[in-house]
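Okay, here's what each chain looks like letter by letter:
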Amino acid sequence: MPHDTTIPSARAVEHDETSTPGAEWWRSAVIYQIYPRSFADASGDGIGDLAGITERLPALADLGVDAVWLSPFFRSPQRDAGYDVSDYCDVDPIFGTLDDFDALRDRAHELGLRVIVDLVPNHCSSEHPWFQQALAAGPGSAERDRFMFREGKGENGELPPNNWQSVFGGNAWTRITEADGTPGPWYLHIFDSSQPDFNWKNPWVWEQFRQILRFWLDRGVDGFRVDVAHGLMKKEGLPDIVEKAEAGGLADAISSPDDVPYWAQPEVHEVYRDWHQVLAEYSGDRVLCAEAWVEPLEKAALWVRPDEMHQAFNFSYLGTPWEAERLRSVIDESIAAFTGVGAPSTWVLSNHDVVRHPSRYGLSTYGAAPASGIGPKTEDKPDDELGLRRGRAATALMLSLPGRAYLYQGEELGLPEVIELDDHVREDPTFHRTNGEVYGRDGCRVPIPWESAAPAFGFNTSGDSWLPQPPLFAHYARDVQQGVPGSTLELYRAALRLRAEHDLGMGSVQWVEGFDADVVALRNGSITVIANVGAAPVELPAGDIVLASGALDGRTLPVDTTVWMLVG
Ligand code: TEU
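Keep in mind that this is a model prediction, so the values were computed, not measured.

About the thresholds
- Sequence order sets the numbering: in each chain, residues are counted from 1 along the sequence as written.
- The model is predicted, so local features are restricted to residues of pLDDT at least 70 and side-chain atom pairs to those at 80 or more, both for listing and for counting; the totals for chains, interfaces and linings are taken over all residues.
- For the side-chain quantities, the full set of heavy atoms in the structure was used; hydrogens and water were omitted.
- Runs of E in the DSSP output that reach at least two residues are strands. Runs of H or I that reach at least four are helices, and both are numbered from the N terminus.
- For each residue, the accessible area found with a 1.4 Å probe, counting protein chains only, is set against the maximum for its type, and the residue is called buried under 20%, exposed over 50%, and partly exposed in between.
- Any pair of residues with heavy atoms lying within 4.5 Å of one another is described as a contacting pair.
- We count a salt bridge whenever a side-chain nitrogen from Lys or Arg sits within 4 Å of a carboxyl oxygen from Asp or Glu.
- We treat two strands as partners when DSSP finds at least two bridges between them.

### Focus on the environment of Ala301
Reasoning step 1: Along the chain, Ala301 falls in the loop between helix H7 (297–300) and strand E11 (311–312).
Reasoning step 2: Residue Ala301 is classed as buried on the basis of its relative accessible area, which comes to 2%.
Reasoning step 3: Along the chain, Ala301 and Gln510 lie 209 residues apart, while their C-alpha atoms are 22 Å from each other.
Reasoning step 4: Residues in contact with Ala301, not counting those within four places in the same chain, are Ala337, Phe338 and Val341.

### Regarding the pattern of salt bridges
Reasoning step 1: Under the defined criterion, the tally for this structure stands at 36 salt bridges.
Reasoning step 2: Of the charged contacts in the structure, one is a salt bridge between Lys234 and Asp197, with a shortest N-O distance of 2.7 Å. Separated by 37 residues along the polypeptide, Lys234 in the loop between strand E9 (223–226) and helix H5 (249–253) and Asp197 in the loop between strand E8 (183–188) and helix H4 (203–218) bring together distant segments of the chain.
Reasoning step 3: Residues Arg441 and Asp353 are paired through a salt bridge, measuring 2.9 Å at the closest nitrogen-oxygen approach. In this pair, Arg441 is assigned in the loop between helix H12 (429–433) and helix H13 (473–476) and Asp353 in the loop between strand E12 (346–348) and helix H10 (357–361), connecting sequence segments 88 residues apart. The residues Arg441 and Asp353 share a single accessibility class, namely buried.
Reasoning step 4: Among the charged side chains, a salt-bridge network with shared partners connects Asp80, Asp353, Asp428, Arg441 and Arg445.

### Description of the sheet that holds E8
Reasoning step 1: Spatial ordering of the open sheet is given by E6-E8-E7, a layout of three strands whose pairing is antiparallel. Looking at strand neighbours, the two that pair on one side only are strand E6 (149–150) and strand E7 (173–177), the edges of this open sheet.
Reasoning step 2: In the sheet, E6 pairs with E8 via two bridges, with the strands oriented antiparallel. Pairing of Phe149 across the sheet is with Tyr187, part of E8.

See the structure below:
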(Lines give C-alpha, C1' and ligand atoms only; values in the text may rest on other atoms or scores of the structure.)
Protein backbone atom coordinates (compact mmCIF):
# COMPACT_ATOMS: atom_id res chain seq x y z
CA MET A 1 0.00 0.00 0.00
CA PRO A 2 1.59 3.32 -0.97
CA HIS A 3 1.97 5.90 1.77
CA ASP A 4 2.72 9.48 0.93
CA THR A 5 3.99 11.21 4.01
CA THR A 6 4.90 14.52 2.40
CA ILE A 7 2.81 17.54 3.28
CA PRO A 8 0.77 18.68 0.27
CA SER A 9 1.44 22.21 -0.85
CA ALA A 10 -1.10 24.80 0.17
CA ARG A 11 -3.93 25.29 -2.32
CA ALA A 12 -4.93 28.92 -2.22
CA VAL A 13 -8.65 29.63 -2.07
CA GLU A 14 -9.74 32.23 -4.59
CA HIS A 15 -12.50 34.29 -3.08
CA ASP A 16 -13.40 36.48 -5.99
CA GLU A 17 -13.89 33.59 -8.37
CA THR A 18 -17.15 33.45 -10.26
CA SER A 19 -18.79 30.10 -9.81
CA THR A 20 -19.01 27.69 -12.69
CA PRO A 21 -22.38 25.96 -12.60
CA GLY A 22 -21.90 22.29 -11.86
CA ALA A 23 -18.29 22.76 -10.77
CA GLU A 24 -18.75 24.49 -7.43
CA TRP A 25 -16.21 23.45 -4.79
CA TRP A 26 -18.82 22.08 -2.40
CA ARG A 27 -20.12 19.46 -4.84
CA SER A 28 -17.21 17.13 -4.16
CA ALA A 29 -15.54 18.54 -1.03
CA VAL A 30 -14.49 16.65 2.07
CA ILE A 31 -15.46 18.69 5.11
CA TYR A 32 -13.93 18.15 8.53
CA GLN A 33 -16.07 18.97 11.57
CA ILE A 34 -14.20 20.69 14.37
CA TYR A 35 -15.86 20.59 17.77
CA PRO A 36 -14.10 23.64 19.24
CA ARG A 37 -14.37 22.58 22.90
CA SER A 38 -12.41 19.43 22.19
CA PHE A 39 -9.99 20.06 19.33
CA ALA A 40 -7.05 22.04 20.74
CA ASP A 41 -6.73 24.29 23.77
CA ALA A 42 -4.18 27.11 23.49
CA SER A 43 -5.20 28.79 26.76
CA GLY A 44 -4.82 25.63 28.84
CA ASP A 45 -8.11 26.06 30.70
CA GLY A 46 -9.27 22.59 29.68
CA ILE A 47 -11.71 23.81 26.99
CA GLY A 48 -10.55 24.06 23.39
CA ASP A 49 -10.40 27.46 21.70
CA LEU A 50 -10.02 29.24 18.37
CA ALA A 51 -6.31 29.98 18.85
CA GLY A 52 -5.74 26.29 19.49
CA ILE A 53 -7.57 25.42 16.27
CA THR A 54 -5.49 27.92 14.27
CA GLU A 55 -2.24 26.36 15.53
CA ARG A 56 -3.38 22.89 14.56
CA LEU A 57 -4.86 23.71 11.12
CA PRO A 58 -1.76 22.52 9.23
CA ALA A 59 -2.54 18.98 10.43
CA LEU A 60 -5.88 19.20 8.60
CA ALA A 61 -4.32 20.52 5.41
CA ASP A 62 -1.89 17.61 5.70
CA LEU A 63 -4.80 15.19 6.13
CA GLY A 64 -6.16 16.43 2.81
CA VAL A 65 -9.60 17.84 3.63
CA ASP A 66 -11.07 20.79 1.71
CA ALA A 67 -12.95 22.66 4.41
CA VAL A 68 -13.61 22.83 8.11
CA TRP A 69 -16.99 23.23 9.77
CA LEU A 70 -16.79 24.68 13.27
CA SER A 71 -19.52 23.79 15.77
CA PRO A 72 -20.74 26.93 17.63
CA PHE A 73 -18.14 29.18 19.26
CA PHE A 74 -20.51 32.13 19.78
CA ARG A 75 -21.34 33.73 23.12
CA SER A 76 -23.26 31.17 25.10
CA PRO A 77 -23.92 30.04 28.66
CA GLN A 78 -22.88 26.57 27.36
CA ARG A 79 -25.94 24.76 28.62
CA ASP A 80 -25.94 22.74 25.39
CA ALA A 81 -22.24 23.08 24.53
CA GLY A 82 -22.74 26.30 22.59
CA TYR A 83 -25.99 25.39 20.79
CA ASP A 84 -27.60 27.86 23.21
CA VAL A 85 -26.45 31.15 21.74
CA SER A 86 -26.68 34.44 23.65
CA ASP A 87 -24.94 36.59 21.00
CA TYR A 88 -24.76 35.37 17.39
CA CYS A 89 -22.22 38.00 16.37
CA ASP A 90 -19.54 37.55 18.99
CA VAL A 91 -17.15 34.84 20.14
CA ASP A 92 -17.59 33.37 23.61
CA PRO A 93 -14.65 34.34 25.84
CA ILE A 94 -13.91 30.65 26.52
CA PHE A 95 -13.15 30.29 22.81
CA GLY A 96 -11.42 33.65 22.28
CA THR A 97 -12.33 36.83 20.40
CA LEU A 98 -13.49 37.95 16.97
CA ASP A 99 -9.82 38.73 16.22
CA ASP A 100 -9.02 35.09 16.98
CA PHE A 101 -11.72 34.10 14.52
CA ASP A 102 -10.24 36.38 11.84
CA ALA A 103 -6.81 34.84 12.41
CA LEU A 104 -8.29 31.34 12.12
CA ARG A 105 -10.11 32.25 8.90
CA ASP A 106 -6.96 33.76 7.37
CA ARG A 107 -4.79 30.80 8.30
CA ALA A 108 -7.38 28.36 6.97
CA HIS A 109 -7.65 30.21 3.66
CA GLU A 110 -3.84 30.37 3.37
CA LEU A 111 -3.79 26.59 3.75
CA GLY A 112 -6.52 26.19 1.13
CA LEU A 113 -9.22 25.27 3.64
CA ARG A 114 -12.71 26.80 3.46
CA VAL A 115 -14.44 27.74 6.71
CA ILE A 116 -18.06 26.89 7.51
CA VAL A 117 -19.70 28.11 10.72
CA ASP A 118 -22.71 26.73 12.56
CA LEU A 119 -25.90 28.78 12.58
CA VAL A 120 -28.50 28.00 15.25
CA PRO A 121 -31.82 29.55 14.11
CA ASN A 122 -34.41 27.34 15.80
CA HIS A 123 -33.74 28.69 19.27
CA CYS A 124 -31.40 30.94 21.21
CA SER A 125 -30.25 30.88 24.81
CA SER A 126 -32.72 31.88 27.50
CA GLU A 127 -30.01 34.38 28.49
CA HIS A 128 -30.07 36.05 25.08
CA PRO A 129 -31.17 39.70 25.53
CA TRP A 130 -34.08 39.02 23.14
CA PHE A 131 -35.52 36.40 25.47
CA GLN A 132 -34.81 38.47 28.57
CA GLN A 133 -36.60 41.40 26.90
CA ALA A 134 -39.52 39.12 26.08
CA LEU A 135 -39.81 38.07 29.73
CA ALA A 136 -39.63 41.68 30.92
CA ALA A 137 -42.00 43.14 28.32
CA GLY A 138 -45.02 41.18 29.47
CA PRO A 139 -48.04 39.54 27.82
CA GLY A 140 -49.16 40.72 24.39
CA SER A 141 -45.90 42.60 23.69
CA ALA A 142 -43.97 42.59 20.42
CA GLU A 143 -40.99 41.18 22.34
CA ARG A 144 -42.97 38.13 23.49
CA ASP A 145 -44.15 37.50 19.94
CA ARG A 146 -40.56 36.72 18.93
CA PHE A 147 -40.82 33.44 20.87
CA MET A 148 -43.47 30.74 21.31
CA PHE A 149 -45.40 31.78 24.43
CA ARG A 150 -48.80 30.11 25.00
CA GLU A 151 -51.29 29.99 27.86
CA GLY A 152 -51.37 26.67 29.69
CA LYS A 153 -54.32 24.28 29.83
CA GLY A 154 -56.25 23.39 32.97
CA GLU A 155 -58.28 25.59 35.27
CA ASN A 156 -55.41 27.93 36.08
CA GLY A 157 -53.16 27.33 33.12
CA GLU A 158 -51.15 24.87 35.19
CA LEU A 159 -50.86 22.27 32.41
CA PRO A 160 -48.58 22.65 29.37
CA PRO A 161 -50.30 23.91 26.18
CA ASN A 162 -49.87 20.55 24.41
CA ASN A 163 -48.10 17.20 24.74
CA TRP A 164 -44.89 18.03 22.84
CA GLN A 165 -41.72 16.45 24.18
CA SER A 166 -38.21 17.85 24.26
CA VAL A 167 -35.68 16.03 22.06
CA PHE A 168 -33.53 15.87 25.20
CA GLY A 169 -36.30 14.26 27.27
CA GLY A 170 -39.19 15.61 29.33
CA ASN A 171 -41.70 18.32 28.51
CA ALA A 172 -41.06 20.81 25.69
CA TRP A 173 -42.75 23.65 27.65
CA THR A 174 -41.67 25.67 30.69
CA ARG A 175 -43.95 28.01 32.61
CA ILE A 176 -42.71 31.48 33.48
CA THR A 177 -43.45 33.67 36.45
CA GLU A 178 -44.41 37.24 35.60
CA ALA A 179 -42.61 40.23 37.14
CA ASP A 180 -45.41 40.66 39.71
CA GLY A 181 -44.96 37.07 40.91
CA THR A 182 -48.06 35.59 39.26
CA PRO A 183 -47.73 32.39 37.23
CA GLY A 184 -47.55 33.28 33.55
CA PRO A 185 -47.74 31.49 30.20
CA TRP A 186 -45.48 28.71 28.99
CA TYR A 187 -42.71 28.94 26.39
CA LEU A 188 -41.78 26.25 23.91
CA HIS A 189 -38.32 24.66 23.86
CA ILE A 190 -37.95 21.69 21.55
CA PHE A 191 -34.54 21.16 23.18
CA ASP A 192 -33.47 22.22 26.70
CA SER A 193 -35.46 24.73 28.76
CA SER A 194 -32.45 27.04 28.31
CA GLN A 195 -33.15 27.04 24.52
CA PRO A 196 -36.44 28.88 23.81
CA ASP A 197 -37.74 28.37 20.25
CA PHE A 198 -38.11 31.44 18.03
CA ASN A 199 -41.46 32.32 16.45
CA TRP A 200 -40.56 32.03 12.76
CA LYS A 201 -44.00 33.35 11.79
CA ASN A 202 -42.71 36.76 12.94
CA PRO A 203 -40.94 38.85 10.23
CA TRP A 204 -38.72 40.43 12.89
CA VAL A 205 -37.03 37.07 13.42
CA TRP A 206 -36.42 36.74 9.67
CA GLU A 207 -34.73 40.13 9.60
CA GLN A 208 -32.44 39.34 12.55
CA PHE A 209 -31.19 36.18 10.86
CA ARG A 210 -30.58 37.92 7.55
CA GLN A 211 -28.35 40.31 9.48
CA ILE A 212 -26.55 37.46 11.26
CA LEU A 213 -25.89 35.76 7.92
CA ARG A 214 -24.49 39.01 6.50
CA PHE A 215 -22.32 39.58 9.56
CA TRP A 216 -20.50 36.28 9.00
CA LEU A 217 -20.52 36.49 5.21
CA ASP A 218 -18.89 39.92 5.48
CA ARG A 219 -16.35 38.31 7.78
CA GLY A 220 -15.38 35.90 5.02
CA VAL A 221 -16.99 32.62 5.98
CA ASP A 222 -17.55 30.17 3.14
CA GLY A 223 -20.87 28.91 4.41
CA PHE A 224 -23.15 27.77 7.21
CA ARG A 225 -24.19 24.46 8.64
CA VAL A 226 -27.77 25.14 9.72
CA ASP A 227 -28.76 23.56 13.02
CA VAL A 228 -32.16 21.81 13.25
CA ALA A 229 -33.00 23.03 9.75
CA HIS A 230 -36.22 21.00 9.81
CA GLY A 231 -37.54 22.55 13.01
CA LEU A 232 -38.09 26.29 12.57
CA MET A 233 -41.79 26.28 11.64
CA LYS A 234 -44.44 24.76 13.86
CA LYS A 235 -47.80 23.52 12.62
CA GLU A 236 -50.60 26.07 12.90
CA GLY A 237 -52.55 25.64 16.13
CA LEU A 238 -49.74 23.60 17.73
CA PRO A 239 -51.74 20.34 17.77
CA ASP A 240 -50.86 17.47 20.06
CA ILE A 241 -48.51 14.80 18.75
CA VAL A 242 -50.38 11.62 18.00
CA GLU A 243 -48.74 9.33 20.54
CA LYS A 244 -46.29 6.77 19.20
CA ALA A 245 -44.60 3.87 20.87
CA GLU A 246 -41.46 5.92 21.38
CA ALA A 247 -41.35 9.61 22.21
CA GLY A 248 -38.28 11.81 22.15
CA GLY A 249 -34.84 11.00 20.75
CA LEU A 250 -33.97 9.92 17.28
CA ALA A 251 -37.08 7.86 16.57
CA ASP A 252 -39.18 10.94 17.19
CA ALA A 253 -36.81 13.33 15.46
CA ILE A 254 -36.98 11.50 12.16
CA SER A 255 -40.66 10.68 12.16
CA SER A 256 -42.80 12.06 9.40
CA PRO A 257 -44.12 15.61 9.80
CA ASP A 258 -47.67 14.27 9.87
CA ASP A 259 -46.82 12.82 13.24
CA VAL A 260 -44.56 15.54 14.62
CA PRO A 261 -46.01 19.04 14.21
CA TYR A 262 -42.66 20.71 14.89
CA TRP A 263 -40.60 18.95 12.22
CA ALA A 264 -40.46 19.45 8.46
CA GLN A 265 -43.40 21.82 8.08
CA PRO A 266 -43.67 22.94 4.43
CA GLU A 267 -43.34 26.67 5.29
CA VAL A 268 -39.79 26.14 6.54
CA HIS A 269 -38.54 26.08 2.96
CA GLU A 270 -39.51 29.73 2.49
CA VAL A 271 -36.82 30.64 5.03
CA TYR A 272 -34.09 28.91 3.03
CA ARG A 273 -35.26 30.42 -0.25
CA ASP A 274 -34.81 33.78 1.45
CA TRP A 275 -31.32 32.88 2.73
CA HIS A 276 -30.34 31.54 -0.67
CA GLN A 277 -30.91 35.06 -1.99
CA VAL A 278 -28.76 36.55 0.77
CA LEU A 279 -25.86 34.21 -0.03
CA ALA A 280 -26.26 34.91 -3.75
CA GLU A 281 -25.34 38.56 -3.06
CA TYR A 282 -21.83 37.35 -2.19
CA SER A 283 -19.12 36.04 -4.50
CA GLY A 284 -17.15 32.88 -3.87
CA ASP A 285 -19.61 29.97 -3.79
CA ARG A 286 -20.90 30.34 -0.23
CA VAL A 287 -22.99 27.41 0.95
CA LEU A 288 -25.83 26.38 3.24
CA CYS A 289 -25.88 22.85 4.63
CA ALA A 290 -29.02 21.57 6.34
CA GLU A 291 -28.97 19.55 9.49
CA ALA A 292 -32.39 18.06 8.82
CA TRP A 293 -33.16 14.79 10.57
CA VAL A 294 -35.89 13.71 8.18
CA GLU A 295 -36.60 10.42 6.52
CA PRO A 296 -37.02 9.08 3.93
CA LEU A 297 -34.25 10.50 1.77
CA GLU A 298 -36.67 12.09 -0.71
CA LYS A 299 -37.83 14.32 2.12
CA ALA A 300 -34.30 15.35 3.09
CA ALA A 301 -33.70 16.20 -0.58
CA LEU A 302 -36.41 18.89 -0.38
CA TRP A 303 -33.92 21.04 1.58
CA VAL A 304 -31.55 21.14 -1.38
CA ARG A 305 -33.82 22.14 -4.22
CA PRO A 306 -31.96 24.55 -6.54
CA ASP A 307 -33.28 27.73 -4.88
CA GLU A 308 -32.74 26.55 -1.28
CA MET A 309 -29.75 25.03 0.45
CA HIS A 310 -26.78 23.48 -1.27
CA GLN A 311 -26.36 20.42 0.91
CA ALA A 312 -28.14 18.33 3.52
CA PHE A 313 -26.63 15.75 5.79
CA ASN A 314 -27.37 12.19 4.81
CA PHE A 315 -28.48 10.77 8.14
CA SER A 316 -29.96 7.73 6.42
CA TYR A 317 -26.42 6.75 5.43
CA LEU A 318 -25.13 7.37 8.95
CA GLY A 319 -27.83 5.08 10.35
CA THR A 320 -27.23 2.19 7.94
CA PRO A 321 -25.81 -0.95 9.55
CA TRP A 322 -22.82 -2.81 8.10
CA GLU A 323 -24.96 -4.99 5.83
CA ALA A 324 -24.29 -5.22 2.10
CA GLU A 325 -27.87 -5.07 0.85
CA ARG A 326 -28.75 -2.09 3.04
CA LEU A 327 -25.55 -0.27 2.04
CA ARG A 328 -26.26 -0.77 -1.68
CA SER A 329 -29.83 0.45 -1.21
CA VAL A 330 -28.93 3.55 0.76
CA ILE A 331 -26.25 4.50 -1.77
CA ASP A 332 -28.70 4.08 -4.68
CA GLU A 333 -31.48 5.92 -2.86
CA SER A 334 -29.19 8.77 -1.80
CA ILE A 335 -27.89 9.35 -5.30
CA ALA A 336 -31.39 9.15 -6.76
CA ALA A 337 -32.95 11.47 -4.17
CA PHE A 338 -30.30 14.17 -4.25
CA THR A 339 -29.51 14.16 -7.95
CA GLY A 340 -33.27 14.28 -8.52
CA VAL A 341 -33.15 17.85 -7.21
CA GLY A 342 -29.79 18.74 -8.79
CA ALA A 343 -27.63 18.44 -5.66
CA PRO A 344 -24.84 15.94 -5.13
CA SER A 345 -25.35 13.48 -2.32
CA THR A 346 -23.51 13.85 0.95
CA TRP A 347 -22.11 11.08 3.11
CA VAL A 348 -21.42 11.02 6.84
CA LEU A 349 -20.68 8.38 9.46
CA SER A 350 -19.97 10.38 12.62
CA ASN A 351 -20.67 13.73 14.26
CA HIS A 352 -20.90 15.27 17.73
CA ASP A 353 -24.44 13.92 18.30
CA VAL A 354 -23.94 10.20 17.70
CA VAL A 355 -21.85 7.32 19.02
CA ARG A 356 -18.57 7.26 17.06
CA HIS A 357 -18.92 4.89 14.12
CA PRO A 358 -16.17 2.38 15.04
CA SER A 359 -18.03 1.85 18.32
CA ARG A 360 -21.42 1.59 16.62
CA TYR A 361 -20.06 -1.05 14.25
CA GLY A 362 -18.63 -2.95 17.22
CA LEU A 363 -22.04 -3.37 18.89
CA SER A 364 -23.90 -6.65 18.53
CA THR A 365 -27.19 -4.72 18.39
CA TYR A 366 -26.15 -2.07 15.90
CA GLY A 367 -29.24 -0.21 14.83
CA ALA A 368 -30.23 1.04 18.28
CA ALA A 369 -30.59 4.84 18.28
CA PRO A 370 -27.00 6.05 17.81
CA ALA A 371 -27.77 9.18 19.82
CA SER A 372 -28.62 7.42 23.04
CA GLY A 373 -24.98 6.96 23.97
CA ILE A 374 -23.10 4.16 25.68
CA GLY A 375 -22.04 4.24 29.32
CA PRO A 376 -20.73 2.07 32.14
CA LYS A 377 -24.10 0.38 32.72
CA THR A 378 -24.97 -0.26 29.07
CA GLU A 379 -25.30 -4.01 28.54
CA ASP A 380 -24.18 -4.18 24.92
CA LYS A 381 -20.61 -2.85 24.91
CA PRO A 382 -18.72 -2.50 21.63
CA ASP A 383 -16.00 -4.90 20.56
CA ASP A 384 -13.27 -2.32 19.86
CA GLU A 385 -11.20 -4.44 17.52
CA LEU A 386 -14.14 -5.53 15.38
CA GLY A 387 -15.55 -2.01 15.44
CA LEU A 388 -12.33 -0.37 14.29
CA ARG A 389 -11.87 -2.90 11.48
CA ARG A 390 -15.43 -2.30 10.27
CA GLY A 391 -15.18 1.44 10.90
CA ARG A 392 -12.10 1.67 8.67
CA ALA A 393 -13.73 -0.47 5.98
CA ALA A 394 -16.85 1.70 6.15
CA THR A 395 -14.81 4.90 5.81
CA ALA A 396 -12.93 3.51 2.82
CA LEU A 397 -16.27 2.74 1.19
CA MET A 398 -17.71 6.18 2.04
CA LEU A 399 -14.72 8.13 0.72
CA SER A 400 -14.99 6.34 -2.62
CA LEU A 401 -18.48 7.71 -3.26
CA PRO A 402 -19.22 10.73 -5.46
CA GLY A 403 -20.44 13.88 -3.74
CA ARG A 404 -19.46 15.54 -0.51
CA ALA A 405 -18.23 13.73 2.60
CA TYR A 406 -18.20 14.91 6.21
CA LEU A 407 -15.62 13.73 8.74
CA TYR A 408 -15.83 14.31 12.48
CA GLN A 409 -12.69 15.22 14.40
CA GLY A 410 -10.89 12.19 15.77
CA GLU A 411 -12.35 9.68 13.32
CA GLU A 412 -9.14 9.92 11.29
CA LEU A 413 -7.45 8.53 14.43
CA GLY A 414 -9.99 5.70 14.73
CA LEU A 415 -11.14 7.00 18.13
CA PRO A 416 -13.76 4.89 19.86
CA GLU A 417 -16.64 6.29 21.90
CA VAL A 418 -15.52 6.98 25.49
CA ILE A 419 -17.76 4.80 27.64
CA GLU A 420 -16.26 5.06 31.13
CA LEU A 421 -17.27 8.60 32.02
CA ASP A 422 -18.51 9.15 35.58
CA ASP A 423 -22.00 10.57 35.91
CA HIS A 424 -20.74 13.75 37.56
CA VAL A 425 -18.56 14.72 34.57
CA ARG A 426 -21.29 14.25 31.98
CA GLU A 427 -22.58 17.54 30.57
CA ASP A 428 -25.06 16.57 27.85
CA PRO A 429 -28.51 17.92 28.80
CA THR A 430 -29.93 14.62 27.54
CA PHE A 431 -28.26 12.81 30.44
CA HIS A 432 -29.61 15.23 33.03
CA ARG A 433 -33.11 15.62 31.56
CA THR A 434 -33.60 11.83 31.52
CA ASN A 435 -32.19 11.38 35.04
CA GLY A 436 -29.29 9.46 33.61
CA GLU A 437 -31.43 6.98 31.69
CA VAL A 438 -29.98 8.09 28.35
CA TYR A 439 -26.20 8.57 28.48
CA GLY A 440 -26.25 11.01 25.59
CA ARG A 441 -23.42 12.46 23.58
CA ASP A 442 -20.47 13.20 25.90
CA GLY A 443 -18.70 9.99 24.85
CA CYS A 444 -18.00 11.30 21.33
CA ARG A 445 -16.99 14.77 22.56
CA VAL A 446 -13.90 13.99 24.65
CA PRO A 447 -10.88 16.16 23.70
CA ILE A 448 -8.84 14.43 21.00
CA PRO A 449 -5.25 13.15 21.43
CA TRP A 450 -2.40 14.72 19.48
CA GLU A 451 0.75 13.50 21.25
CA SER A 452 0.81 10.26 23.21
CA ALA A 453 3.31 11.38 25.87
CA ALA A 454 2.20 15.02 26.39
CA PRO A 455 -0.12 16.41 29.08
CA ALA A 456 -3.76 15.96 27.99
CA PHE A 457 -2.26 14.09 25.01
CA GLY A 458 -1.27 17.42 23.48
CA PHE A 459 -4.78 18.91 23.66
CA ASN A 460 -3.09 21.61 25.74
CA THR A 461 0.02 21.96 27.88
CA SER A 462 -1.72 22.23 31.27
CA GLY A 463 -3.14 18.71 31.31
CA ASP A 464 -6.70 19.92 32.03
CA SER A 465 -9.58 18.56 30.01
CA TRP A 466 -13.28 19.44 30.39
CA LEU A 467 -14.12 15.75 29.92
CA PRO A 468 -11.47 13.31 31.16
CA GLN A 469 -9.50 11.56 28.42
CA PRO A 470 -9.06 7.81 28.92
CA PRO A 471 -5.49 6.40 29.10
CA LEU A 472 -6.16 4.35 25.96
CA PHE A 473 -6.16 7.61 23.94
CA ALA A 474 -2.34 7.34 24.08
CA HIS A 475 -2.57 4.53 21.49
CA TYR A 476 -4.66 6.66 19.14
CA ALA A 477 -2.64 9.91 19.35
CA ARG A 478 -1.77 11.51 16.04
CA ASP A 479 1.99 11.37 16.62
CA VAL A 480 2.02 7.58 16.98
CA GLN A 481 0.09 7.18 13.72
CA GLN A 482 1.78 9.82 11.55
CA GLY A 483 3.85 8.13 8.85
CA VAL A 484 3.09 4.65 10.19
CA PRO A 485 1.94 2.34 7.38
CA GLY A 486 -1.40 0.75 8.17
CA SER A 487 -2.41 3.33 10.79
CA THR A 488 -5.90 4.76 10.62
CA LEU A 489 -4.47 8.25 10.05
CA GLU A 490 -2.46 7.06 7.05
CA LEU A 491 -5.52 5.23 5.71
CA TYR A 492 -7.52 8.47 5.78
CA ARG A 493 -4.64 10.47 4.23
CA ALA A 494 -4.16 7.96 1.45
CA ALA A 495 -7.91 7.75 0.76
CA LEU A 496 -8.25 11.53 0.59
CA ARG A 497 -5.22 11.86 -1.68
CA LEU A 498 -6.50 9.17 -4.07
CA ARG A 499 -10.02 10.61 -3.93
CA ALA A 500 -8.63 13.93 -5.13
CA GLU A 501 -6.25 12.42 -7.70
CA HIS A 502 -9.00 10.34 -9.29
CA ASP A 503 -11.65 13.06 -8.86
CA LEU A 504 -13.96 10.56 -7.17
CA GLY A 505 -16.07 13.36 -5.70
CA MET A 506 -17.30 14.27 -9.18
CA GLY A 507 -17.68 10.68 -10.36
CA SER A 508 -20.56 8.23 -10.43
CA VAL A 509 -21.34 4.79 -9.06
CA GLN A 510 -21.61 1.68 -11.22
CA TRP A 511 -22.26 -1.56 -9.39
CA VAL A 512 -19.83 -4.35 -10.23
CA GLU A 513 -21.39 -7.80 -10.70
CA GLY A 514 -19.83 -11.17 -10.06
CA PHE A 515 -19.37 -11.14 -6.28
CA ASP A 516 -21.45 -12.73 -3.53
CA ALA A 517 -24.43 -10.74 -2.29
CA ASP A 518 -22.62 -9.76 0.90
CA VAL A 519 -19.84 -7.99 -1.01
CA VAL A 520 -20.35 -4.34 -1.96
CA ALA A 521 -18.48 -3.83 -5.24
CA LEU A 522 -18.65 -0.65 -7.29
CA ARG A 523 -16.74 1.32 -9.83
CA ASN A 524 -16.26 5.08 -9.65
CA GLY A 525 -14.24 6.24 -12.67
CA SER A 526 -10.90 4.47 -12.70
CA ILE A 527 -11.27 3.05 -9.19
CA THR A 528 -12.93 -0.27 -8.38
CA VAL A 529 -14.02 -0.58 -4.76
CA ILE A 530 -14.63 -3.92 -3.09
CA ALA A 531 -15.95 -4.04 0.47
CA ASN A 532 -16.22 -7.44 2.11
CA VAL A 533 -19.25 -7.06 4.35
CA GLY A 534 -19.80 -10.81 4.59
CA ALA A 535 -18.43 -13.63 6.74
CA ALA A 536 -15.97 -15.31 4.32
CA PRO A 537 -12.79 -14.10 2.60
CA VAL A 538 -13.14 -12.96 -1.03
CA GLU A 539 -10.73 -13.60 -3.93
CA LEU A 540 -9.68 -10.31 -5.48
CA PRO A 541 -9.64 -9.82 -9.26
CA ALA A 542 -6.42 -9.00 -11.11
CA GLY A 543 -5.30 -5.40 -10.79
CA ASP A 544 -3.31 -2.97 -8.64
CA ILE A 545 -4.45 -2.47 -5.08
CA VAL A 546 -4.10 1.24 -4.30
CA LEU A 547 -5.80 1.33 -0.92
CA ALA A 548 -6.71 -1.27 1.69
CA SER A 549 -8.56 -0.60 4.94
CA GLY A 550 -6.78 -3.51 6.65
CA ALA A 551 -4.12 -6.15 6.12
CA LEU A 552 -4.69 -8.42 3.12
CA ASP A 553 -3.96 -12.10 2.89
CA GLY A 554 -2.14 -12.23 -0.45
CA ARG A 555 -4.84 -11.69 -3.10
CA THR A 556 -7.58 -12.48 -0.60
CA LEU A 557 -9.77 -9.82 0.94
CA PRO A 558 -10.52 -10.66 4.59
CA VAL A 559 -13.94 -9.96 6.09
CA ASP A 560 -14.72 -6.39 7.15
CA THR A 561 -12.10 -4.98 4.79
CA THR A 562 -12.38 -2.62 1.79
CA VAL A 563 -9.93 -2.20 -1.09
CA TRP A 564 -9.63 0.29 -3.91
CA MET A 565 -8.14 -1.17 -7.10
CA LEU A 566 -7.11 -0.16 -10.57
CA VAL A 567 -8.57 -3.01 -12.59
CA GLY A 568 -7.71 -3.50 -16.25
O1 TEU B 1 -29.09 18.64 16.78
C2 TEU B 1 -30.44 18.63 16.39
C3 TEU B 1 -31.06 17.37 16.53
O4 TEU B 1 -32.13 17.17 15.99
C5 TEU B 1 -30.34 16.41 17.36
O6 TEU B 1 -30.59 16.75 18.68
C7 TEU B 1 -30.75 15.07 17.07
O8 TEU B 1 -32.12 14.91 17.07
C9 TEU B 1 -30.20 14.20 18.12
O10 TEU B 1 -28.89 14.56 18.40
C11 TEU B 1 -30.29 12.80 17.62
O12 TEU B 1 -29.10 12.37 17.15
C13 TEU B 1 -28.52 19.88 16.79
C14 TEU B 1 -27.09 19.83 17.25
O15 TEU B 1 -26.35 19.05 16.35
C16 TEU B 1 -27.04 19.32 18.64
O17 TEU B 1 -25.74 19.19 19.12
C18 TEU B 1 -27.80 20.31 19.51
O19 TEU B 1 -27.86 19.83 20.83
C20 TEU B 1 -29.21 20.52 18.99
O21 TEU B 1 -29.24 20.78 17.60
C22 TEU B 1 -29.86 21.72 19.64
O23 TEU B 1 -29.30 22.89 19.13
